[in-house]
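# Observations on the three-dimensional arrangement
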Amino acid sequence: MDQGLPYYLKFTEAFPTIRDLAESDEKDVLRLWQGLGYYSRARNLHHTAKHISKSFGGKFPDNYDEILKLKGVGPYTAAAIASICFDEPKPVVDGNVFRFAARYFGIENDIAKLKTRNIFEKILEKHISIKTPGAFNQAMMEYGATICSPSPLCDQCDFQDDCISKQKGIHKSLPVKSKKLKVRNRFLHYLVLTDGSSFLLKKRSDNDVWAHLFDFPLIEGEHDQEFVLKKVSELMKEPFTIKEISMPFQHLLSHQKITAVFYQIKGSTNQIKKLEGSTGSTLYSVEEIVNLPKPKLIVNYFQKIGIKS
């Protein structure tokens, strides 16, 4: 909440209505989202605003089934919106609800399996408040986040006498989750090509992390510096200066561990400008870079070299 609230306030100030968001440039949307991660959510939000504006006259759909059809919206988000905003009795099932419901009802099914969600939803449909489903769902999420946390505060729990897993003594082992996310290691050698006041940056493609955000040209792979510098020499073709080779930056994503090294390479403006085509990049001034959406990793690097971005 502490991390998200400032973003929410900036976002709603910039885009007070669905139409404002729909008519905005994707670059501006991603720039406001910068630092939150999960950038596909920002792109989906933008896409959905356009769809609602065009297909629904700018009015957000008011029921679970229609909300679920929106791009980027899954069962949890649809149920939360439908119940909290439109009083539709659809139970939400997120990590906190999984934990509280698994313990309270003694559900030992593996929550990593898709079919398990249906089991939880059917049980909760029998208990959700018809009059105030939004309050019910928010209470479930809040209780799972605070009292029935990963290390449960059972002595403070109002439901401990009725909690099936507590009675069985298995409450600390629930919920069951067997599948572990495999983390991929990636090594990125960033070529920070600059004339001293401008930098080459490229827009990332759709088929990788940080889609549509801007970063430096790079060489990927577990290469040593000698290999990278040889490639740089082949790329530059003219005399250049290695101003700095950074220490490795570590950056963790939900499914990737990234190790990045930045090679700051200085050449003349004409020399750097000539590399736009071969690197798929564009030369941007520092003032222009500030307004470009960038991964947190790139922002951290710019800050390290004294550039606010």
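Let me begin by describing the structure that accompanies this report. (Residues numbered from 1 in each chain as written. Predicted model: local features only at pLDDT ≥ 70, side-chain atom pairs only at ≥ 80, totals over all residues. Heavy atoms only, no water.)

## Looking at the overall build of the chain
- Counting its regular elements, the chain contains 15 helices and eight strands.
- Taken against the 2.2 N^0.38 rule, which gives 19 Å for 309 residues, the C-alpha radius of gyration of the chain at 25 Å runs more than 25% over that of a compact globule.
- For the chain, the spread of C-alpha atoms along the three principal axes comes to 75 × 50 × 30 Å.
- For the chain, the proportion of its 309 residues judged to be buried stands at 42%. (Helix = DSSP H or I, 4+ residues; strand = E, 2+ residues; numbered from the N terminus. Rg over C-alpha atoms; globule rule 2.2 N^0.38 Å. Buried < 20%, exposed > 50% of the residue type's maximum accessible area, 1.4 Å probe, protein only.)

## As for the environment of Glu276
- The topology assignment puts Glu276 in helix 13 (residues 275–279).
- In this structure, the C-alpha to C-alpha distance between Glu276 and Lys202, residues 74 residues apart in sequence, is 8.9 Å.
- With near-sequence residues (within four places) excluded, Glu276 lies in contact with Leu200, Ser281, Thr282 and Leu283. (Contact = heavy atoms within 4.5 Å.)

## Quick look at the nonpolar core
- In terms of nonpolar packing, the biggest core is built from 32 residues, with Tyr190, Trp210, Phe216, Ala260, Phe262 and Leu297 touching the most fellow members.
- Elements that contribute at least two residues to this core include exactly helix 2 (18–22), helix 3 (26–33), helix 4 (39–55), strand 1 (184–194), strand 2 (198–203), strand 7 (256–266) and helix 15 (296–304).
- Of all the elements, helix 15 adds the most residues to this core, at four residues.
- If near-sequence neighbours (up to four positions away) are discounted, Phe216 is found in contact with Tyr190, Leu191, Val192, Phe199, Leu200, Leu201, Lys202, Phe262, Ile298, Tyr301 and Phe302.
- In terms of nonpolar packing, the next biggest core, distinct from the first, is built from 29 residues, Ala80, Val93, Phe120 and Met141 among them. (Core = buried A, V, L, I, M, F, W, Y, C linked by side-chain atoms within 4.5 Å.)

## Structural notes on the packing of helix 1 (residues 4–14) against helix 3
- Where helix 1 meets helix 3, the closest approach of the two axes is 9 Å, and the angle between their N-to-C directions is 155 degrees. Regarding the angle of helix 1 to helix 3, the classification is roughly antiparallel. Remark: the crossing between helix 1 and helix 3 carries right-handed chirality. When helix 1 is examined against helix 3, the residues Tyr7, Lys10, Phe11 and Ala14 are found in contact with a partner set consisting of Val29, Leu32 and Trp33. (Axes fitted to C-alpha atoms, helices over the stretch in contact; angles between N-to-C directions. Parallel < 35°, antiparallel > 145°, perpendicular 65-115°, else oblique. Left-handed = near helix turned anticlockwise from the far one by under 90°.)

## Structural notes on the state of the cysteines
- Taken as a whole and assessed by the stated rule, the structure comprises zero disulfides.
- Sulfur of Cys154: no disulfide; nearest cysteine sulfur belongs to Cys157 and is 6.6 Å away.
- There is no disulfide at Cys157, and the cysteine sulfur nearest it, in Cys148, is 6.4 Å away. (Disulfide = S-S within 2.5 Å.)

## Description of unusual backbone geometry
- The residue after Leu174, namely Pro175, is reached through a cis peptide bond having omega 0 degrees.
- For Tyr38, which is not a glycine, the phi torsion comes out positive at approximately 50 degrees.
- Structurally, the position occupied by Tyr38 is in the loop between helix 3 and helix 4.
- One non-glycine residue with positive phi stands out, namely Trp210, at about 60 degrees.
- Tracing the sequence through the fold places Trp210 in the loop between strand 2 and strand 3 (214–215).

## Re the pairing of strand 1
- The buried count for strand 1 comes to eight of eleven residues, which makes it a mostly enclosed element.
- One ladder, built from eleven bridges, connects strand 1 with strand 7; its direction is parallel. Counterpart to Leu191 in the pairing with strand 7 is Tyr263.
- Two elements, strand 1 and strand 4 (residues 218–220), share three bridges in a ladder whose sense is antiparallel. In the strand pairing of strand 4, Tyr190 is matched with Leu218. (Pairing = 2+ DSSP bridges.)

## Digging into the environment of Gln250
- The topology assignment puts Gln250 in strand 6 (residues 249–252).
- In the structure, Gln250 is positioned ten residues away from Ala260 in sequence and 6.6 Å away in space, judged by C-alpha atoms.
- Beyond its immediate stretch of four places on either side in the chain, Gln250 contacts Lys257, Ile258 and Thr259.

## What about the packing of aromatic side chains?
- The tally for this structure, following the rule as stated, stands at 20 aromatic pairs.
- On the numbers, 5.3 Å between centres and 75 degrees between planes, the contact of Tyr143 with Phe159 is edge-to-face. In this pair, Tyr143 sits in helix 9 (residues 133–146) while Phe159 sits in the loop between helix 9 and helix 10 (164–168), placing the two residues 16 residues apart along the sequence.
- For Tyr143, a relative accessible area of 15% corresponds to the buried category.
- Accessibility expressed as a relative area gives 31% for Phe159, which makes it partly exposed.
- Ring geometry for Phe199 and Phe302: centres 5.5 Å apart, planes at 90 degrees, overall edge-to-face. Highlighted residues: Phe199 in strand 2 and Phe302 in helix 15, separated in sequence by 103 residues.
- The exposure class of Phe302 is buried, given its relative accessible area of 0%.
- Cluster of aromatic residues (ring-pair linked, three or more members): Tyr190, Phe199, Phe216, Phe249, Phe262, Tyr301 and Phe302.
- Note that Arg41 overlies the ring of Tyr38, its terminal NZ or CZ placed 4.4 Å from the centroid.
- The ring of Tyr64 has Lys90 lying over it, and the distance from NZ or CZ to the ring centre is 4.3 Å. (Phe/Tyr/Trp six-rings, centres within 6.5 Å; stacked < 30°, edge-to-face > 60°. Lys NZ or Arg CZ within 6 Å of the ring centre and 35° of its normal.)

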